[in-house]
Every structure is written in structure tokens, then in C-alpha cells.
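Read off the chains here:
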Amino acid sequence: MRRLHAVILSVLLLSLSACALFPDRDPVNINVVGLEPLPSQDLEVRFAIKIRVQNPNETAIDYTGIALDLEVNGHSLASGVSDQGGSIGRFSETIVSVPVSVSAFSVLRQTLGLSQTQTLDNLPYVLRGKLAGGVFGTMRFVDSGTLSLPKATAATW
């Protein structure tokens, strides 16, 4: 019985010390830096969201995929995934491009929402995502802000 208690205590101490092996990491900094149109299908619009990922940590971040969800004006607009992988060096940054899809229903929902606000200035957006890096290496991120869509100008003939 005494031996069983010693084994249980040893396993407990080893599992607690294993938590110290996982380094504390600061969250990555994400900024949306561009949008590029992509070929689309029937009732969807596709484009690539370019994001700048900054690693403020002392160790490199290795990732094997990325997923994004874009919400504009309080409604889901686009989502996308990419299996591209790479590494972001310590105290470094990189640009990652992720293809996303916008369904016709999302466009309709956004159009109805915009018709109620009567303005295309300062639309709030939230970009949520994750850099996949294995069981313990996945890093989630959130970027939010406002965007202004260009206004239509009157054509002069």
C-alpha cells in the first residue's frame, strides 16, 4: 500500500513539473494589411486576406495551418482556412495570405445591415483565428477595429 502511495505521489509531482516545461508566450500581434480578389464560384465571393503576424516572443513559432473568421458590423461575413505552414522567428514578423469565402447569404445580411446604418464609415470588424501548431502549440488571436468603405462619387460627363 505504501508503495502505491509513493507511485501516485511521484506521478503527481512529475505531472506538475511538466507544466513548467511549457513556456509562457505573449500573444501574437495581428494586423489586416490587405485584401485580394480570387476566382469565385456561383453564389459566393472569394478573396485572400493578408495579415501581418508579429511574434513578440524569444522563441520561434512554428505553424502548420491557419484558420480565420471575419465578422463585420456584428455579423459573420467570411471564413477560411489554409494548410500552409511556416515559422515566424523570434521577435520577427511575416505576411500570411488566407483565402476566405463569403456566401451570398452573408452578403445579403450585410447589405440589410448597412441599409439600416446609412453610412459606410467606421464599420466595426472582428477577425478571429488560430495558428495551428500541434496539440500545445496552437495560438489563437483576435484583431478588431473599424473600416471605412469608399463612398460612391457622382460621375461627371
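Everything below is about the structure shown above.
As the structure is a computational prediction, the values presented were derived from the model and not from experiment. (Residues numbered from 1 in each chain as written. Predicted model: local features only at pLDDT ≥ 70, side-chain atom pairs only at ≥ 80, totals over all residues. Heavy atoms only, no water.)

Right, let's get into the pattern of salt bridges. Here the structure, examined in full by the defined rule, presents three salt bridges. Between lysine 50 and glutamate 36 there is a salt bridge whose closest N-O contact spans 2.9 Å. Residue lysine 50 is located in strand β2 (residues 44-55), and its partner glutamate 36 is located in strand β1 (residues 29-38); the two are separated by 14 residues in the primary sequence. Judged by its relative accessible area of 26%, lysine 50 is partly exposed. (Salt bridge = Lys/Arg side-chain N within 4 Å of Asp/Glu carboxyl O. Helix = DSSP H or I, 4+ residues; strand = E, 2+ residues; numbered from the N terminus. Buried < 20%, exposed > 50% of the residue type's maximum accessible area, 1.4 Å probe, protein only.)

Along the chain, isoleucine 88 falls in strand β6 (residues 86-88). Along the backbone, isoleucine 88 and glutamine 54 are 34 residues apart, and their C-alpha atoms lie at a distance of 7.8 Å. For isoleucine 88, the contacting residues outside a window of four places in its chain are Val53, Asn55, Ala60, Ile61, Tyr63, Glu93, Thr94 and Leu131. (Contact = heavy atoms within 4.5 Å.)

For serine 82, the location among the structural elements is in strand β5 (residues 75-82). You can call serine 82 buried: its relative accessible area is 16%. In this structure the side chain of serine 82 is engaged in a polar contact, spanning 3.3 Å, whose partner is the backbone nitrogen of glutamine 84. Excluding residues within four positions of it along the chain, serine 82 makes contact with Gly65, Ile66, Val98 and Pro99. (Polar contact = N/O pair within 3.5 Å; in protein donor to acceptor, adjacent residues only side chain to side chain.)

What follows deals with the pairing of β1. Relative to β2, β1 runs antiparallel, the two sharing nine bridges. Across the sheet, the residue bridging to proline 37 is phenylalanine 47, located in β2. Counting the residues in the hairpin turn of β1 and β2 gives five residues. (Pairing = 2+ DSSP bridges.)

To continue, consider the pairing of β2. Where β2 meets strand β7 (residues 92-103), twelve bridges bridge the pair, whose relative direction is antiparallel. Within β7, the residue paired with valine 45 across the bridge is valine 102.

All right, on to unusual backbone geometry then. Not every positive phi belongs to a glycine, and asparagine 73 is a case in point at roughly 55 degrees. Within the element layout of this structure, asparagine 73 appears in the loop between β4 (65-72) and β5. You will see that phenylalanine 91, though not glycine, has its phi angle at about 50 degrees, which is positive. Topologically, phenylalanine 91 is positioned in the loop between β6 and β7. On the basis of relative accessibility, which here comes to 52%, the residue phenylalanine 91 falls in the exposed class.

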